[in-house]
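A structural walkthrough
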Amino acid sequence: MKDPLLLLLLVLVGVFLYFATAKGVIYPFMLLLMMVVAGLWFVANFHLSRKMVEKTRKGEEFFFQKAQMIDKSGTELIQGAMIVTKDEFVFVKRKGYFGGIEVLWSTFSSAISSYSIDYVADKKMGLRLSIKGQKDDVKFVAGKMGENEGLFRKALGWPEES
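Residues numbered from 1 in each chain as written. Predicted model: local features only at pLDDT ≥ 70, side-chain atom pairs only at ≥ 80, totals over all residues. Heavy atoms only, no water.

**Re the confidence of the model for the chain**
- With 95% of its residues at a pLDDT of 70 or more, the chain has an overall mean of 85.
- When the elements of the chain are averaged for pLDDT, helix α1 (residues 4-23) gives the smallest value, 77, and strand β1 (residues 63-70) the largest, 94. (pLDDT = per-residue confidence, 0-100. Helix = DSSP H or I, 4+ residues; strand = E, 2+ residues; numbered from the N terminus.)

Next comes the structure, spelled out in structure tokens:
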């Protein structure tokens, strides 16, 4: 396995089940240990903070929103964050255990012809971008996007709606 925390979690589940069936007792500390390892795995693979992005942006002002990108087939959600400046719109995800970010999708802000904040997938609120020259919209699940629409428009350099 490529993921050592996931392998450790699998071993702990096996040990937990062995003791639970052999002795008839469930050990609370084993359950707690499994939950801690599962939490560490989630943080190491998916947690993305504004500080991580600021390190790569080097003082540039930007809009940051945690989100999930819906892939082209519409079946998978990719955990990450949207970064919006006057020049570009970028979707990034965490690179690995030790931080760092990886750009998954980007476009120039001038290529965005319109956007809408509505339900994008299975009753999940998000952002739908229309890109000039592309037939399909790009969709992001972002629950707090409605609250942050003003900041989003400001980051794009668009005038506020009245």
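**Describing the side chain of R128**
- For R128, the location among the structural elements is in strand β6 (residues 124-131).
- In this structure the side chain of R128 is engaged in a polar contact, spanning 3.3 Å, whose partner is the backbone oxygen of Y119.
- With residues near it in sequence (within four places) discarded, R128 still touches S114, Y115, S116, D118, Y119, V120, D137, V138 and K139. (Polar contact = N/O pair within 3.5 Å; in protein donor to acceptor, adjacent residues only side chain to side chain. Contact = heavy atoms within 4.5 Å.)

**A few points about the sheet that holds β6**
- In space, the seven strands of this open sheet follow the order β4-β3-β2-β1-β7-β6-β5, with antiparallel pairing throughout. The strands lining the two open edges of the sheet, one partner per strand, are β4 (101-108) and β5 (112-121). Averaged over all adjacent pairs, the angle separating strand axes in this sheet is 35°, with direction ignored.
- Strands in contact with helix α4 (residues 149-156) are β1, β2 (77-84), β3 (88-94), β5 and β6; relative to β5, the strand with the most contacts, it is inclined by about 155°. (Pairing = 2+ DSSP bridges. Axes fitted to C-alpha atoms, helices over the stretch in contact; angles between N-to-C directions.)

**What about the pairing of β4?**
- When β3 meets β4, the two strands line up antiparallel, connected through seven bridges. Within the sheet, the bridge partner assigned to F89 lies in β4 and is T107.
- The hairpin turn running from β3 into β4, its antiparallel successor, is six residues long, and G99 in that turn takes a positive phi close to 90°.

**Brief notes about the pattern of salt bridges**
- Within this structure, the stated rule accounts for four salt bridges.
- A salt bridge links E54 to R50, with the shortest nitrogen-to-oxygen separation between them at 3.4 Å. Of this pair, E54 and R50 are both found in helix α3 (residues 50-57), four residues apart, which corresponds to roughly one turn of the helix.
- E54 sits in the partly exposed class, given a relative accessible area of 36%. (Salt bridge = Lys/Arg side-chain N within 4 Å of Asp/Glu carboxyl O. Buried < 20%, exposed > 50% of the residue type's maximum accessible area, 1.4 Å probe, protein only.)

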